[in-house]
Amino acid sequence: MGTGSKSSHQSYAVSPTALAEAPAAPLDITGAPVAGEGTDLTGAAAGGPAFEAPELPEVEVEPAPPAELPVDETPLAEPDALLGGAESVPEPVEATPPPEDEVQEASAEGVVAEEELQSSAEEVPADEAVLLQAEDVEEVQEEEEETDPPLTPVPAAPPVGEPTGTPILVGGDDFINSEATLVAYGSPDGPREVLLTHISEEAEEKLLDALSVPGTHMEEIEVEEEVKERLDLDKQKKLAELTKTAVSSVQHKLKTGSEMSEASIAKHQAAYDAVADVLHDPSISDDEKAMALHYLHQLNVVKDKIDNGGAPMPWMDAYEVTATKMVTKQIPVPNGEPEPGTLAATVRKASRIKANLDPATGQTSWDGVTRSSANGTEYEIDMGDGWKAVYRPYKDNDPKTTEYSLRGQLEVHAPAGAGHGKDLVERLEQLHLMNKPMTASEGEWTYLANNIKAQGLEGAPGMKAAMETAQGLQDLQVQEIVHQRMESLMGLDSDALQTAMKRIHLEASHKVLPMKVEVVRDAVAKASGFSSSAELAASPGYEPTPATGGKWLTWSRFDVTGKKAEIQGAFKGRSLTHNLNGGSLASLLGVGVLASTEKRAVMGIGGGLGMSEQADKMTGGANSVFLRVKKTPSSPGGGRLIWDDPSVLMRRSDYYAYNGDHYGAINPANGHYSAGAITRDPMKIASFSGSSNEIMFRNGIDLLGAEAPSRIVCHTAAERSSILASLTARGITHLGGKPVEDVLCT
C-alpha cells in the first residue's frame, strides 16, 4: 500500500513469454461460434542480505516431454539484496549445465553481449543497455508467440453487445482459475470495453502496493501528548517490579490455600527494604515520596495476608504520573498526494456495473457511468489517459457484514471506443498483476493447481515440499543469472535496475518452468496413485488444456475424466437438474447460458430470478449456479434442465457441493458454511440423499455447447415448437451431440 514511509515500490514480473523452447502449437480449443448465437431471443437466466540458496532435493526428470507452465509469480527480489556489492555476492549454485543451444539463446538476452561492449568505441549508457535488452526480449517473444500462441487469443475489439463477452485466460496465478472476460457494452458514445476478472486473495498485496489509497498515505508529525509513565527513581530502584513479585507470590498461596513459604516472606521483605530506603532519603521529591508511599501501602496489605491469610488481594498497579511530551506519530492523510510510482485511488461504497439487456435484440449496453449499489467497499483507481479500474478488496470487506461474492472482483475500463482488447490485458501491469495471455505451455501449471484443490491434495505427503522446491528452483535461477550479469547490472541506476530485474525474473521463470512442473506433477502423481509423473501425464484423463464452448472456460479434473465409466456407474439412475424459478426457457436459451447471480448482473439481466440472490451474495454462492442430484425423472415438470449423464459436468474442477441447503456457502464467517459438510468428491455427491442438496458450478454452464443438458423440459408443446424454431433459425441443430428435437421435450 502506498505510504509516506516508502521510498520505492517493488516491481513485479509480467507473464513469461520468452526464452523457453516452445512446444508444438496447442490444439485449437477456441471453437468457432455458432452463427447467430446469442441473438433473436430475450436474455434472462436462472440461478536485505544476499540470497541464501536453500538446499533442495535433487530433481529427477522423467522421460515424458515436459510442457512449460506459467510460473507461480512472486514479487521481485529487491535488487540491492542481490547486488549488495561484489563481496556480498554468493558463489553460483552448482547446477547441471544447460545444453549449448540454451546457453547461446540465453546470451542473446544479456543487457549487452560482453564482446559487443569490449569492441564498442564508446561505452553504452546504462539506460540504453536496458533498452537493448528489452528489445532483444521482445524479438524472442514475437518469435515464440508464433509457435506457442495463446490458449485464448485476445481480440483487438470484443464483439459489441455480446452479454457473456469473450472469455480469456491470463498466465500465472493472480486470477482465480486464470480467467478473465472482455465485454464491449454498447453505448451512445461508442463501445465501452471492460475487462472483468476476479483476483486471488494471495495476489491482493501486489495490487494494493500499486495504489495510493486515502487514509493509508502516512505523514510523520510531532504532537504534544499527555502520557502516563513511571518515575525514573521507580525504574532505577525497581520498586514496582519488587512489589509485584511479592504480591504475586503471596497471592498464589491465598488462592490455593497453601501455607506461606519462606520464599514469599523473603520477597516481601526485599520489596519492603527497597521502599524503606527511598522513604528514608531526605532528598526525594514530593512525587517520589508519594510513589514510595503507594508501594508501602501495597506491601502493608501483603504483610497482613502473610500473617493472617484471607481472601485474595485486589489487583495492584504501578505508580504512574501524567506528563506532557512531544511525540512523533504517523497519521493518515485523507487527501495526500499519491506516492511516486503509484496510482491514485479513492474509497467509495461498493457497486456493480448496471448494464441493460435488450429483450428484442439480446444485446447488452451500458453508458459507462450507471452503477447499482452493493454492500461493501471498493476502490476507484485512476490509471491515467482516460483509463480506470474498480477493485473490491478482500481486506476492507468484512466477510461477516459485506457481500462475500464481490471480494476480489476487478474491473478495468478503457476509454470509450473500440479496439482496446489487447490494451485491457496489458494494462494489468499497472496494477502489478500478470498481463499476458496464457499460452499452451503455461496451461499445465493452472491445470495442476486446480486439480490439487479439487481433489483435496494440498495436504498430501510431499505436496508442500514440492511447492517449496518449485519456488526454490526459480529463486536459484534468478540468483544464477544475476551472478552471471553482475558487472553490467552494477552500473545501472535504480529505475534501470528494476527494469533489468524484471527481465531476469522473466527469463528465470521460463528457464526453470519445465523443472517446476515436473516436480509438482510428480507430487500430484504420487498423491493420486500413479507411480510417476510420466505415468500421470500419459493417462487418458490427463487434459492440461481448458475446455470451451465459446461462453465459458473450464478446467477438468483427471480423477473424473480418467474414470468416466466409474463416475457414470456411481450416478446410475440419478441425474443433475435445475428448475427455473423465474424468467422463461426461451429467454434462457436466447442468451445460451445458465449464469450465476454475479454474472447476470454484469450481463445486464435484472435480479429476482434466483431463489435467494441476496443471501447468496453473503455466502459467496452468488458466483455459482445451483444444481441438484435427483433420481432420474421419467415425467419431469416443465421449466427444467436435466443432465442424465452427470459426468458431462462432473469433469469440471470448479464445483463444490452440500447434501443439504447451505446457500452455496464458501464464506467461513457465514452461518450457512460447514467445513465438515462441504465436499468436492464426485462419489460422495453421487450418493446425496438430501432433498435440498446442492452442487455449485462457478460462473455458469454453457447450455448450447458441450455441457448442454440431455433434456430441456418445456411447459407446453407450443413453447417447445417456438424454441425449436428459434434454435433452427440460428443454425443450432444439435445440443451436446444430440439433435435438438430429442433434447427439447414436454
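Structure shown above.
In short, a report on the structure. (Residues numbered from 1 in each chain as written. Predicted model: local features only at pLDDT ≥ 70, side-chain atom pairs only at ≥ 80, totals over all residues. Heavy atoms only, no water.)

When its secondary structure is counted, the protein shows 24 helices and 25 strands. Carbon and sulfur atoms make up 51% of the accessible area of the protein, which totals about 33400 Å². (Helix = DSSP H or I, 4+ residues; strand = E, 2+ residues; numbered from the N terminus. Areas by Shrake-Rupley, 256 points an atom, 1.4 Å probe, with all protein chains shown as cover.)

Tracing the backbone shows His578 in strand 15 (residues 574-579). Only 2.8 Å separates the side chain of His578 from the backbone oxygen of Phe626, close enough to count as a polar contact. (Polar contact = N/O pair within 3.5 Å; in protein donor to acceptor, adjacent residues only side chain to side chain.)

A few words on the sheet that holds strand 20 (residues 694-698). Strand order in the open sheet formed by seven strands is 19-20-17-15-18-22-25, with mixed pairing between adjacent strands. The open sheet has two free edges, formed respectively by strand 19 (656-658) and strand 25 (744-745), since each of these has just one partner strand. When strand 19 meets strand 20, the two strands line up antiparallel, connected through three bridges. Looking at the pairing, Ala657 lines up with Ile695 of strand 20. (Pairing = 2+ DSSP bridges.)

We now examine the sheet that holds strand 1 (residues 166-169). Here eight strands make up an open sheet; going across it, the order is 1-2-3-12-11-10-7-4 and the pairing mixed. Edge strands, defined here as strands with exactly one partner in the open sheet, are strand 1 and strand 4 (211-212). Bridging between strand 2 (residues 175-185) and strand 3 (residues 192-199) involves seven bridges; their strand directions are antiparallel. Across the sheet, the residue bridging to Leu182 is Leu195, located in strand 3.

Here the focus is the pairing of strand 10 (residues 371-384). Here strand 7 (residues 343-353) runs beside strand 10; their pairing, made up of eight bridges, is antiparallel. Bridged to Ser351 within strand 10 is Ser373. Where strand 10 meets strand 11 (residues 387-391), five bridges bridge the pair, whose relative direction is antiparallel. Across the sheet, the residue bridging to Ile381 is Ala389, located in strand 11. Following strand 10, the chain reverses through two residues before pairing antiparallel with strand 11; Asp385 in that reversal takes a positive phi of roughly 60 degrees.

Counting through the fold element by element, Ser283 comes out in the loop between helix 8 (262-279) and helix 9 (286-308). Residue class for Ser283 comes out exposed when judged on its relative accessible area of 61%. (Buried < 20%, exposed > 50% of the residue type's maximum accessible area, 1.4 Å probe, protein only.)

A large share of strand 2 lies buried, amounting to ten of its eleven residues. Note that strand 1 and strand 2 share four bridges and pair antiparallel. When the sheet's bridge partners are listed, Leu169 is paired in strand 2 with Glu179. From the end of strand 2 to the start of strand 3, which pair antiparallel, there are six residues, and Gly190 there has a positive phi angle of about 105 degrees.

A separate point is the nonpolar core. If you look at the biggest cluster of nonpolar residues, it comprises 37 residues, and the most contacted ones within it are Leu576, Leu627, Leu641, Ile685, Phe697, Ile701 and Leu735. Counting residues per element, the ones that place at least two in this core are helix 18 (585-591), strand 17 (624-631), strand 18 (640-643), helix 21 (647-650), helix 22 (682-686), strand 20, helix 23 (717-729) and helix 24 (740-743). In contact with Leu735, not counting residues within four places along its chain, are Leu703, Leu704, Ala708, Ile712, Leu727, Val740 and Val743. Core analysis: the second largest hydrophobic core is formed by 31 residues, Ala180, Leu182, Leu207 and Tyr391 among them. (Core = buried A, V, L, I, M, F, W, Y, C linked by side-chain atoms within 4.5 Å. Contact = heavy atoms within 4.5 Å.)

Our focus in this paragraph is the environment of Leu735. Mapping Leu735 onto the fold places it in strand 23 (residues 734-735). Among the residues examined, Leu735 registers a relative accessible area of 1% and is labelled buried. Sequence separation between Leu735 and Arg711 is 24 residues, and the spatial gap between their C-alpha atoms is 9.5 Å.

Before going further, it helps to examine the side chain of Ser178. Summarising the element assignment, Ser178 is placed in strand 2. Excluding anything up to four places from it in sequence, Ser178 contacts Ile168, Leu169, Val170, Gly172, Met438 and Thr446.

Backbone geometry at Asn177 places phi at a positive 60 degrees, although glycine is not the residue there. Tracing the backbone through its elements, the reader meets Asn177 in strand 2. In this model, His432 sits at a positive phi of 65 degrees, which is unusual for a non-glycine residue. Residue placement: His432 occurs in the loop between helix 10 (421-426) and helix 11 (443-454). Residue His432 is classed as buried on the basis of its relative accessible area, which comes to 13%.

Right, let's get into the pattern of salt bridges. Inspection of every chain in the model, using the stated rule, returns 25 salt bridges. Salt-bridge contacts for Glu229 lead to Lys325; the nearest nitrogen and oxygen are separated by 3.0 Å. Pair noted here: Glu229 is in strand 5 (residues 218-229) and Lys325 is in strand 6 (residues 321-332), with a separation of 96 residues, a long-range link. Judged by relative accessible area, Glu229 falls into the partly exposed class, the value being 22%. (Salt bridge = Lys/Arg side-chain N within 4 Å of Asp/Glu carboxyl O.)

Their axes nearest at 9 Å, the elements helix 8 and helix 9 cross at an angle of 155 degrees. In terms of axis orientation, helix 8 runs roughly antiparallel to helix 9. When the axes of helix 8 and helix 9 are compared, the crossing they make is left-handed. Along the contact surface, helix 8 presents Ile265, His268, Ala271, Tyr272, Val275, Val278 and Leu279, while helix 9 presents Lys289, Ala292, Leu293, Tyr295, Leu296, Leu299, Asn300, Val302, Lys303 and Ile306. (Axes fitted to C-alpha atoms, helices over the stretch in contact; angles between N-to-C directions. Parallel < 35°, antiparallel > 145°, perpendicular 65-115°, else oblique. Left-handed = near helix turned anticlockwise from the far one by under 90°.)

All right, on to the state of the cysteines then. Applying the stated criterion across every chain yields a total of zero disulfides. Of the cysteine sulfurs around Cys714, a residue in no disulfide, the closest is that of Cys745, at 6.8 Å. (Disulfide = S-S within 2.5 Å.)

The next thing to look at is helix 9. Since the α-helix advances by 3.6 residues per turn, residues separated by three or four positions end up pointing in the same direction. For helix 9, spanning 23 residues, the distance from its first C-alpha to its last is 33 Å, which sits close to the expected 33 Å at 1.5 Å a residue. Structurally, helix 9 contributes buried residues whose contacts are with helix 6 (232-237), helix 7 (239-256) and helix 8. After helix 9 finishes, the residue Gly309 shows a positive phi value of roughly 70 degrees. (Expected span 1.5 Å × (residues − 1).)

Another point: helix 8. Across its 18 residues, helix 8 extends 26 Å between first and last C-alpha, which sits within 8% of the 26 Å expected from 1.5 Å per residue. Among all positions in helix 8, only Ser264, His268, Ala271, Ala274, Val275, Ala276 and Val278 are buried. Packing partners of the buried residues in helix 8 comprise helix 6, helix 7 and helix 9.

All right, on to the packing of aromatic side chains then. Tallied over the entire structure, the rule returns five aromatic pairs. Geometrically, the ring pair formed by Tyr447 and Tyr542 is edge-to-face, given 5.0 Å between the ring centres and 90 degrees between the ring planes. Of the two residues, Tyr447 is situated in helix 11 and Tyr542 in the loop between helix 15 (533-538) and strand 13 (547-548); the sequence distance between them amounts to 95 residues. Centroid distance Tyr542 to Phe558: 6.2 Å. Interplanar angle 45 degrees. Geometry classified as tilted. Here Phe558 lies in helix 16 (residues 558-561) and Tyr542 lies in the loop between helix 15 and strand 13, a separation of 16 residues in the sequence. The exposure class of Tyr542 is buried, given its relative accessible area of 9%. Over the ring of Trp445 we find Lys516; its NZ or CZ atom is 4.8 Å from the centre of that ring. (Phe/Tyr/Trp six-rings, centres within 6.5 Å; stacked < 30°, edge-to-face > 60°. Lys NZ or Arg CZ within 6 Å of the ring centre and 35° of its normal.)

Let us look at the packing of helix 7 against helix 8. Here helix 7 crosses helix 8 at 150 degrees, and the two axes come no closer than 8 Å. When the axes of helix 7 and helix 8 are compared, the pair comes out roughly antiparallel. In terms of crossing hand, the pair formed by helix 7 and helix 8 is left-handed. Together, Leu239, Leu242, Thr243, Thr245, Ala246, Ser249, Val250 and Lys253 of helix 7 and Ser264, Lys267, His268, Ala270, Ala271, Ala274, Val275 and Val278 of helix 8 make up the contact between the two elements. Residue composition of the contact of helix 7 with helix 8, by class: nine nonpolar, five polar and two charged. (Nonpolar A, V, L, I, M, F, W, Y, C, P; charged D, E, K, R; others polar.)

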